[in-house]
2 protein chains.
Amino acid sequence: MNGMGGRSKRKETMETYIILRDLAIIILAAKFMGLVAKKCRIPAVAGEIVAGLIIGPCLLGWVAPSDFINQMAEIGVILIMFSAGLETNLKELKKTGIKALVIACFGVAVPLAGGALLYALFYGTEGPGSESFFKALFIGSIMTATSVSITVESLKEMGHLQGTIGQTILSAAIIDDVIGIIVLTFVLGMKDPANNPGIVILKTVAFLVLALLFGIVFYQIFKKIDARYPHTRRIPIIGLGLCFILSYIAEKYFGIADITGAYIAGIILCNIRDAGYIDRKVNINSYMIFAPIFFVGIGLKTDFSHIVVDMILFSVLFVLVACLAKIIGCGVVSKCMKFSWTDSLKIGVGMMTRGEVALIITNKGMNLGIIDSSYFTAVILLIIVSSISVPIILKLLYSKFPDKKTA
Amino acid sequence: MNGMGGRSKRKETMETYIILRDLAIIILAAKFMGLVAKKCRIPAVAGEIVAGLIIGPCLLGWVAPSDFINQMAEIGVILIMFSAGLETNLKELKKTGIKALVIACFGVAVPLAGGALLYALFYGTEGPGSESFFKALFIGSIMTATSVSITVESLKEMGHLQGTIGQTILSAAIIDDVIGIIVLTFVLGMKDPANNPGIVILKTVAFLVLALLFGIVFYQIFKKIDARYPHTRRIPIIGLGLCFILSYIAEKYFGIADITGAYIAGIILCNIRDAGYIDRKVNINSYMIFAPIFFVGIGLKTDFSHIVVDMILFSVLFVLVACLAKIIGCGVVSKCMKFSWTDSLKIGVGMMTRGEVALIITNKGMNLGIIDSSYFTAVILLIIVSSISVPIILKLLYSKFPDKKTA
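Structural notes, computed from the coordinates. This structure is a prediction, so every number in the text was calculated from the model and none was measured. (Residues numbered from 1 in each chain as written. Chains lettered and ligands numbered in written order. Predicted model: local features only at pLDDT ≥ 70, side-chain atom pairs only at ≥ 80, totals over all residues. Heavy atoms only, no water.)

1. Details of the interface of chain B and chain A
A common way to state how big an interface is: give the accessible area lost once the parts meet. Counting residues at the interface gives 56 residues for chain B, matched by 56 residues for chain A. Carbon and sulfur atoms supply 71% of the area buried between chain B and chain A, which totals about 5700 Å² over both sides. Elements represented by at least two residues in the side of chain B that touches chain A include exactly α1 (2-39), α3 (67-86), α9 (234-254), α11 (275-301) and α14 (356-367) of chain B. Looking at the side of chain B that touches chain A element by element, the count peaks at 19 residues for α1(B). Its residues assigned to classes, the side of chain B that touches chain A shows 29 nonpolar, 11 polar and 16 charged. (Contact = heavy atoms within 4.5 Å. Buried area = accessible area lost by both parts, 1.4 Å probe. Helix = DSSP H or I, 4+ residues; strand = E, 2+ residues; numbered from the N terminus. Nonpolar A, V, L, I, M, F, W, Y, C, P; charged D, E, K, R; others polar.)

2. Quick notes on the relation of the copies chain B and chain A
Take chain B, turn it by 180 degrees, move it 0.0 Å along the axis, and it overlays chain A with an RMSD of 0.0 Å. Overall, the copies show the geometry of a two-fold rotation axis. Closest to the rotation axis within chain B is the C-alpha of N285(B), separated from it by 2.6 Å. Most of the interface of chain B is mirrored in chain A: 100% of its interface residues are interface residues there too. (Least-squares fit on C-alpha atoms with pLDDT ≥ 70 in both.)

3. So, the packing of aromatic side chains
The geometry of an aromatic ring pair is captured by two quantities: the separation of the ring centres and the angle between the planes. Residue and element names in this part refer to chain A. Applying the stated rule across the entire model yields 24 aromatic pairs over all chains. Summarising the aromatic geometry, the rings of F314 and F318 are spaced 6.1 Å apart at their centres and angled 35 degrees between planes, so their arrangement reads as tilted. Of the two residues, F314 and F318 are both situated in helix α12 (residues 309-336); the distance of four residues between them amounts to about one turn of the helix. With respect to burial, F314 and F318 carry one shared label: buried. Arranged with centres 5.6 Å apart and planes meeting at 85 degrees, the rings of F314 and Y375 form a pair that is edge-to-face. Remark: Y375 occurs in helix α15 (residues 375-400) and F314 occurs in helix α12; sequence separation between them is 61 residues. A relative accessible area of 0% means that F314 is categorised as buried. Of the residues examined, Y375 reaches a relative accessible area of 6% and is grouped as buried. Directly above the aromatic system of F339 lies the positively charged group of K99, at a separation of 5.0 Å from the ring centroid. Sitting over the ring of Y398, K346 keeps its end group 4.2 Å from the ring centre. (Phe/Tyr/Trp six-rings, centres within 6.5 Å; stacked < 30°, edge-to-face > 60°. Buried < 20%, exposed > 50% of the residue type's maximum accessible area, 1.4 Å probe, protein only. Lys NZ or Arg CZ within 6 Å of the ring centre and 35° of its normal.)

Bear in mind that shape data such as this cannot, by itself, settle questions of function.
Written as structure tokens, this is what we have:
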């Protein structure tokens, strides 16, 4: 037994120290390309994905996708979604009122429909219930999540973040995330052909009820721990434990994406006193090791050698539809709510940026076998185009049509 | 291709979300048992190992050892050693002078000889060069590393940390780590029967020269980055990258343990201005996710069902020899250097505590197939006994023989 045990253990060690090489290359390449991207005013995540393309099988072949990298990337995604939940400000949300809610709803619905329509027109679909119909809906879901950080930065820079438009965009983007997650949950729930929409709704509602119960219990527990032991290690650790558990339960017992569970875990804890403390600790874990592995991992898995003209054309249309759908969805409904035309346009443009969450949803779809990795091209393009163009367009709009108080 | 790809990817996802369950159980159980242990005045790591025993195949069977857990644990070990290196104060070390150096040397040599002798007497050995001789040396190596944190805490509590004895212990413990790592490097280098001591010395020296070159280059690079971008994310990330690379190179090209590489990477960076900043970030990654997985992982792998009377007897003797060897090694040599008998005894007792590093070395030996997991029992017992007894003995010694200025 000793001999066998010794041998198998030796193999283990070999594998374990090889991961150190992959880790070193991944985190250094990600940081380097992330910084280069930022210099070029492109989002850092785009740089990290390019880092993956460079070090991966596509080009240098230094790092190959592996089970370990996939598992680390999964933890990265969970941490990002948990952090997004933690940064939700529920109290702020209650104040936002009906306008932001309506804008957010249309800002989700129009891109969802637009994306699905684009897919159907481009590839054809066999009507409700078919696999291609489901795929079309999924493409729509990818377009829903606004990533408002770049808009916030631009507005802050111009001094317009505290204005009506800035605050409306901010609130709408938060609600937009929540609605987007619910839509994704429904869409993914329908991937199983055995599930009819009734079952999916039932499962989703059942999970949300469970999450609510979890939320009430854990919120009280955390308030107590937080009052007795503020700023101790146990707080982020227990929080992270809750996040992992909810993610697991969501996927295992309700067929709901684990990222939804992580996001809800974040929302449960977003109003405790140490929410910011947990978020900081989680973020350090995220940015130092796990998140770069996720973004670089996308680059590793992306294979440009199989790319066809079709896909390039689809990607361009995808970017166009995704951007226009937000402008139309959010802009037109803003106009209906008595914003001026220019203010409505500002809101629409401000909601146009996409980021990490679009990548996370795409990745989920790929892991579940709904779409293949070639769709990453479209999403990466969308992130780059929207992140570069929004600040420019916003600056133009604000210089041509200075802010006026709107009703 | 789409069908196959989809299927294999679905399997991947199944595995990735299952790790969330394991992670949640591990970090929560570790934190809980760690806190329980602390309440009982036992080191938290002992509690975390017990958590592993409870949730592992030994008892509840909730979590089984897996490749993923082993890989995460390996990262944990690397982070702990990197942090130990970062916390080394080279400037302080230069000031310590010859006394601490001599005490440290004997504090390594006597336990090394004692442990080897114990193994040889207990199990018999076939003389230099044989496998059992090597095993005996390895058992000795496990006994070498002092973990001074508990001693420091006790001395601080009693207000004696700044005294001659406190400072001597502190310095000796730091040098002790460095010498211990060098000894370990030699011992592990000899595991390959093709290596004669000459080759091992050559490889070790070659690695140390390379590390020195790395050190000089990276120290300069870091000083520049640190001056231009203090307290930015890139600093801990590049530091961690260096740590992973050196660990990998050590093991891959020099047959030196990766933990040695990580420790040296820490020493390279311990004198830059942001060393504390890097250490804090690394520590957060370590205590939130990776380190608990390592300690719980030890519990998962430990199998008490095969334990025999022999092993229990050996463990008891192991603890005795390990404690006495430090007292004799450090104490007698202190007496020779004109400390009084009681002060020498205080120094010897202060150097007696063992901790994480002993576990890390044991784990390395197990992964390399040198020893089997049953030896963890002895090491865990040593950590618990030394950590509980040292503060008690020190208090007794200081109350019976109050501190006097020594030559």
